[in-house]
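Close look at the chain arrangement
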There are 2 protein chains.
Amino acid sequence: MFHGLSAFPLTPVNETGIDEKAFVTLIQRLVAAGVDSIGALGSTGNYAYLNREERLRVLQLAVHSAEGIPVMTSISAIRTLEVLRLAEDAQRAGASAVLLAPISYQALTNEEVFSLYEQVTSSLSIPLCVYDNPGTSHFHFSDELHGRIAELPNIGSIKIPGVPTDPEAAKTRIKKLRGSIPPHVTIGVSGDSFAVTGLNAGCEAWFSVLGGLFPQACLNMTRLAQDGFADEAERLSALLEPIWTLFHQYGSLRVVSAAAEISGLISSPSLPLPLQPLNPSAREYLKLILNNLQE
Amino acid sequence: MFHGLSAFPLTPVNETGIDEKAFVTLIQRLVAAGVDSIGALGSTGNYAYLNREERLRVLQLAVHSAEGIPVMTSISAIRTLEVLRLAEDAQRAGASAVLLAPISYQALTNEEVFSLYEQVTSSLSIPLCVYDNPGTSHFHFSDELHGRIAELPNIGSIKIPGVPTDPEAAKTRIKKLRGSIPPHVTIGVSGDSFAVTGLNAGCEAWFSVLGGLFPQACLNMTRLAQDGFADEAERLSALLEPIWTLFHQYGSLRVVSAAAEISGLISSPSLPLPLQPLNPSAREYLKLILNNLQE
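Here's a quick rundown of the structure. Quantities reported herein were computed from a predicted structural model and do not represent experimental measurements. (Residues numbered from 1 in each chain as written. Chains lettered and ligands numbered in written order. Predicted model: local features only at pLDDT ≥ 70, side-chain atom pairs only at ≥ 80, totals over all residues. Heavy atoms only, no water.)

**Some points on the relation of the copies chain A and chain B**
Superposing chain A onto chain B takes a rotation of 180 degrees plus a shift of 0.0 Å along the axis, which leaves an RMSD of 0.0 Å. A rotation of that kind, with that shift, is consistent with a two-fold axis. Of the C-alpha atoms belonging to chain A, the one lying closest to the rotation axis is found on His138(A), 4.1 Å away. A shared interface surface links the copies, since 97% of the contact residues of chain A are contact residues in chain B too. (Least-squares fit on C-alpha atoms with pLDDT ≥ 70 in both. Contact = heavy atoms within 4.5 Å.)

**Some points on the pairing of strand E1 (residues 4–7) of chain B**
Pairing between E1(B) and strand E10 (residues 205–208) of chain B: 4 bridges, direction parallel. Bridge pairing in E10(B) places Ser6(B) opposite Phe207(B). (Pairing = 2+ DSSP bridges. Helix = DSSP H or I, 4+ residues; strand = E, 2+ residues; numbered from the N terminus.)

**Digging into the side chain of Asp132(A)**
All names here are of chain A. Structurally, Asp 132 can be placed in the loop between strand E7 (128–131) and helix H5 (134–137). A distance of 3.0 Å separates the side chain of Asp 132 from the side chain of His 146, its partner in a polar contact. In contact with Asp 132, not counting residues within four places along its chain, are Phe 139, Phe 141, His 146, Lys 159, Ile 160 and Pro 161. (Polar contact = N/O pair within 3.5 Å; in protein donor to acceptor, adjacent residues only side chain to side chain.)

**A short note on the environment of Gly4(B)**
Residue and element names in this part refer to chain B. Note that Gly 4 resides in strand E1. Distance from Gly 4 to Cys 129, taken between C-alpha atoms, is 14 Å for residues 125 residues apart in sequence. Each residue touching Gly 4, except ones within four places of it in the same chain, is listed here: Asp 36, Glu 204, Ala 205, Trp 206, Thr 222, Arg 223 and Gln 226.

**Some details on unusual backbone geometry**
A cis amide bond links Leu273(A) with the next residue in sequence, Pro274(A), at an omega value of 15 degrees. Turning to its location among the elements, Pro274(A) is positioned in the loop between helix H12 (252–262) and helix H13 (280–294). With an omega of -5 degrees, the peptide bond running from Ser268(B) to Pro269(B) counts as cis. Assignment of secondary structure puts Pro269(B) in the loop between helix H12 (252–262) and helix H13 (280–294). Located in the positive-phi region is His138(A), a residue other than glycine, with phi close to 60 degrees. The residue His138(A) is located in the loop between H5 and helix H6 (143–150) in this model. For His138(A), a relative accessible area of 33% corresponds to the partly exposed category. (Buried < 20%, exposed > 50% of the residue type's maximum accessible area, 1.4 Å probe, protein only.)

**Structural notes on the interface of chain A and chain B**
Between chain A and chain B, the residue contacts involve 35 residues of the former and 34 residues of the latter. Carbon and sulfur atoms make up 51% of the area that chain A and chain B hide from each other, which totals about 3100 Å². There are 2 salt bridges connecting chain A and chain B. Of the charged contacts in the structure, one is a salt bridge between Glu112(B) and Arg254(A), with a shortest N-O distance of 2.8 Å. Of all the secondary structure elements, the ones that give two or more residues to the side of chain A that touches chain B are strand E2 (13–14), helix H3 (80–92), helix H4 (110–122) and H12 of chain A. Ranked by residue count, the leading element in the side of chain A that touches chain B is H4(A), at 5 residues. For the side of chain A that touches chain B, the residue count by class is 18 nonpolar, 11 polar and 6 charged. (Buried area = accessible area lost by both parts, 1.4 Å probe. Salt bridge = Lys/Arg side-chain N within 4 Å of Asp/Glu carboxyl O. Nonpolar A, V, L, I, M, F, W, Y, C, P; charged D, E, K, R; others polar.)

**Section: the environment of Leu128(A)**
Residue and element names in this part refer to chain A. Along the polypeptide, Leu 128 turns up in strand E7. Of the residues examined, Leu 128 reaches a relative accessible area of 0% and is grouped as buried. Spatially, the C-alpha atoms of Leu 128 and Phe 2 are 9.9 Å apart, while their sequence positions differ by 126 residues. Leaving out residues up to four positions away in the same chain, Leu 128 has contacts with Phe 2, Val 98, Leu 100, Tyr 117, Val 120, Thr 121, Asn 154, Ile 155, Gly 156 and Ser 157.

**Quick notes on the packing of aromatic side chains**
In this structure the tally under the stated criterion is 10 aromatic pairs over all chains. With a centroid separation of 5.0 Å and 70 degrees between ring planes, the pair formed by Tyr105(A) and Tyr47(B) is classed as edge-to-face. Placement of the pair is Tyr105(A) in the loop between strand E6 (97–100) and H4 and Tyr47(B) in the loop between strand E4 (37–40) and helix H2 (52–65), with the two residues belonging to separate chains. As far as burial versus exposure is concerned, Tyr105(A) and Tyr47(B) are alike and both buried. (Phe/Tyr/Trp six-rings, centres within 6.5 Å; stacked < 30°, edge-to-face > 60°.)

**Section: the nonpolar core**
Ile149(A) and Ile149(B) are the most contacted members of the largest nonpolar core, which has 221 residues in total. When near neighbours in sequence (up to four residues on either side) are disregarded, Ile149(A) contacts Val113(A), Phe114(A), Tyr117(A), Val130(A), Phe141(A) and Ile155(A). (Core = buried A, V, L, I, M, F, W, Y, C linked by side-chain atoms within 4.5 Å.)

**Details of the sheet that holds strand E9 (residues 186–189) of chain B**
All names here are of chain B. Read around the closed barrel, the 8 strands follow the order E1-E4-E5-E6-E7-E8-E9-E10; overall the barrel is parallel. Taken over all neighbouring pairs, the strand axes of this sheet differ in orientation by 25 degrees on average, direction set aside. Bridge count for E1 against E4 is 2 bridges, and the pairing is parallel. Among the inter-strand pairings, Ser 6 is bridged to a residue of E4, identified as Ser 37. (Axes fitted to C-alpha atoms, helices over the stretch in contact; angles between N-to-C directions.)

**Details of the packing of H4(A) against H6(A)**
Residue and element names in this part refer to chain A. Between H4 and H6, whose axes approach to 10 Å, the crossing angle comes to 25 degrees. When the interaxial angle is binned, H4 and H6 end up roughly parallel. Relative to H6, H4 is oriented so that their crossing is right-handed. When H4 is examined against H6, the residues Asn 110, Glu 111, Val 113, Phe 114 and Tyr 117 are found in contact with a partner set consisting of Leu 145, Arg 148 and Ile 149. Of the residues contributing to the contact of H4 with H6, the split by class is 5 nonpolar, 1 polar and 2 charged. (Parallel < 35°, antiparallel > 145°, perpendicular 65-115°, else oblique. Left-handed = near helix turned anticlockwise from the far one by under 90°.)

**Concerning the pattern of salt bridges**
All names here are of chain B. For the structure shown, the criterion picks out 30 salt bridges over all chains. With a shortest N-O distance of 3.8 Å, Glu 88 and Arg 92 are connected by a salt bridge. Placement of both Glu 88 and Arg 92 in helix H3 (residues 80–92) is noted, with a separation of 4 residues, approximately one turn of the helix. Overall, the relative accessible area of 64% leaves Arg 92 in the exposed class.

Function cannot be inferred from these measures alone, as they are strictly geometric.
Right, here's the structure in full:
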């Protein structure tokens, strides 16, 4: 489950509702490319903007369209009570794994975060991926806390927010985290611009935003890195530098939703207010980049 | 509405639900003390952990028990659609004002935050208080943005997160913000330890956590500051220094909920998981502090 390319598709949503048909089309692209797993309702899947019923519906569509490819879904919520309900929904809907970030309103202590994972994993019968994403959760995991949580039952993977850009520093980082957790727990890199560096440094999985829209390109990089062609994988990632720059500037969600709109896969607007689409000049620049990449 | 002491009561809530009876008792204390307004369902009122129905119910209880004292309520939510629904509920339930923070999952741009306030205020018939609380919203307002938002219709006040501890620096800060906003928009200080300094520096209101539990003590400080007895107000605030220290160490919510439990006003646990109560040793220390203050 937690190896190779895990592709995180968009959930196109605006003030009139979720575009279910477009969502299914996005899933079908992932199936056709043969990604290793699908991360429905990740940050890119706008889970935080949808209510419980909407999250269940989108997950059901994903599982139904995935043709046997394992589907992971986020169960993150501010209140534990809601996390437990979402975990129940996920299991009943046929998710193969769940993803949990310690999102919060009042800042959480290490003890509160540990207890959250303890309570949730004790009620699960499918594996859980720890979602370490300080950019949205504003919580900073120490390796010591990662180690304590990874010892809990049903923990399968840790989704880390990135690695240092220097390959040797990245290897040192992964080695240090690996030393804190049991061997059966995998490490998956996110932050697409770091992905190949992370895979080359020993991450077993890439939890990918771009892979949710352009699975074939991301699979190519993943397989090269997995097969030991580190330099060739880095070369392909470097070609995408203009995309990574836009990700850093505007956030990957705004860029990928604009790219999906430009590609004609979803209609505009595809983000829930207060989120606004990419501004017109960035969108024009993105159009150019996408054209160049296709040539 | 946005002058004097605005007291923010707790909403006692745990895994079995909301303790409505205890909540009403807390409101009755505020009424008996004669606070200037009540901020139901602020951060201290656990709004972020309650669903729409629960927020409506708590607001109705507050308005019903307030005996004519104006009640403000938070309408903050991650999605604009939900903010608009909460605004409707608040108006129908008889709130005199609403409080809105730009809480988010994906970090918001200045333009997105401005548009949120623009859209919400255009649908309101009661005033709105801008809730500037980077500690929970992770959004940092510039004075320029405060100025643009304050020009919108129905903006009544700005709840700022604190002022510099030095009285002269506090005056400079308030003067600068005042210069950016129209004269009919008041400035209210929050962060209780800064409150008297803020009032002495020219803030018209104190949006108070401690005032939600100990309204009389906070009213005394407010009236002294409002009547020009700056030093005497500072002296009373300095007596509470042990409380302010605990606020900074554990978060005001955990401390005030423990204080309400110790005072026998609400039963334990009174916070929703994953939030945990104050640890036993801090609780013992708080008990000592409260005893000393009562002597």
